[in-house]
Amino acid sequence: MKIAIMSCIHGNSEALDAVLSDIDYQKVEKIFCLGDLVGYGPYPNEVVTQIRSLDIPTCSGCWDEDIVEGLNACDCSYPSLLAENRGKIAHEWTNQQIKPENREFLAQLPHSLREENLAFVHGSPHSNHEYLLPELDAFAALERVLSTDADVLFCGHTHVPYVRNLDAGSLQVRVQGEGTEAREINFTANLKRIINVGSVGEPRHGRPNATYVIYDTDNQDVKLREVAYNYQKTCAAIIEKGLPAIFAWRLSQGLEYAERADDATHVCTK
């Protein structure tokens, strides 16, 4: 079976339409969405309504969570105070625009989804706000996959796609029990994978094209799809609706814009 996995639409209905058209052309049998339907972009209601109408299995993203529960991300997840202020502006605008029925839909989204040996999350199995970066320590990365009891973990959140194979092989863990001598436990784990599907609505891989992944469950083949669309229309709508103009610039460049933090204590060291 061929499945499509997409994430981080961020209120960009132009990009979503283009990706859904490409998915249809690719003869995909099932679609999963990893959340962040809203935030940054100018069309939050249009995106949520379309996902709802198509009945696409979707897990909650950090923006979806924050619109429902209020801002609860670590303040130092922003690289600067200016970036944090822009995020708050986008949150307040989206919070005012979202319709009650769409807010209710976001409130009911699960943290994770499962399909046989595949697990789907937005950020990580532990938190919607945790970034599974490609340079994450291999043992920590493996732990994230093992915590789902799956072989393949699909995620988004970083807006940059990648595939990482984690060949655990045989591991030896030394355990110190209370009041006993340390003992060693040996176990073998099959090949595990983390697949980041990038972003439909706000890519940060250096190009404005939307990205998503097609996964073949029969041969475990991964295809990263990159889809061009009329991003200029979305950029114009961002400015027209009064959202920070820098959102339009970074969408057009496919890059994240982050000033150097003027206060070093604001940078996350967790």
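A quick note: this is a predicted structure, and the numbers were derived from the prediction, not measured. (Residues numbered from 1 in each chain as written. Predicted model: local features only at pLDDT ≥ 70, side-chain atom pairs only at ≥ 80, totals over all residues. Heavy atoms only, no water.)

### Things to note about the pattern of salt bridges
Using the following cut-off: By convention in these notes, a salt bridge is any Lys or Arg side-chain nitrogen within 4 Å of a carboxyl oxygen on Asp or Glu. Secondary structure follows DSSP: runs of H or I at least 4 residues long count as helices, runs of E at least 2 residues long count as strands, and numbering of each begins at the N terminus. Partly exposed residues are those whose accessible area sits between 20% and 50% of the maximum for their type, while under 20% is buried and over 50% is exposed, using a 1.4 Å probe and protein chains only.
Using the criterion set out here, one finds 10 salt bridges in the structure. Salt-bridge contacts for E256 lead to R204; the nearest nitrogen and oxygen are separated by 3.6 Å. With E256 in the segment after α8 (245-253) and R204 in the loop between β9 (192-196) and β10 (210-216), this pair connects stretches of sequence that are 52 residues apart. Owing to a relative accessible area of 45%, E256 belongs among the partly exposed residues under this scheme. Assessed through its relative accessible area of 13%, R204 is described here as buried. E226 is the partner of R207 in a salt bridge, and the nearest nitrogen-oxygen pair spans 2.5 Å. Remark: E226 occurs in strand β11 (residues 222-227) and R207 occurs in the loop between β9 and β10; sequence separation between them is 19 residues.

### Regarding empty space enclosed by the protein
Selection rule: Lining residues are those with an atom within 4 Å of a point, where the points come from a 1 Å grid over the protein atoms alone and group into cavities, where a 1.4 Å probe fits but cannot get out, or pockets, open sets with protein on both sides within 12 Å along at least five of seven lines. Grid points are joined across faces, edges and corners, and a volume is the space filled by probe spheres set on the points. Three categories are distinguished: nonpolar for Ala, Val, Leu, Ile, Met, Phe, Trp, Tyr, Cys and Pro, charged for Asp, Glu, Lys and Arg, and polar for the others, with Gly belonging to the last.
Scanning the entire structure with this criterion turns up 1 cavity of 30 Å³ or more. Empty space within the largest cavity amounts to approximately 70 Å³. What lines the largest cavity is H10, N12, Y40, G41, G201, E202, T234, I238, F247, R250 and L251. Among the elements of the structure, α7 (231-240) and α8 are those that each provide at least two residues to the lining of the largest cavity. Of the residues forming the lining of the largest cavity, the biggest block, 3 residues, is contributed by α8. Grouping the amino acids of the lining of the largest cavity by side-chain chemistry returns 4 nonpolar, 5 polar and 2 charged.

The quantities given are spatial measurements derived from coordinates; they are silent on function.
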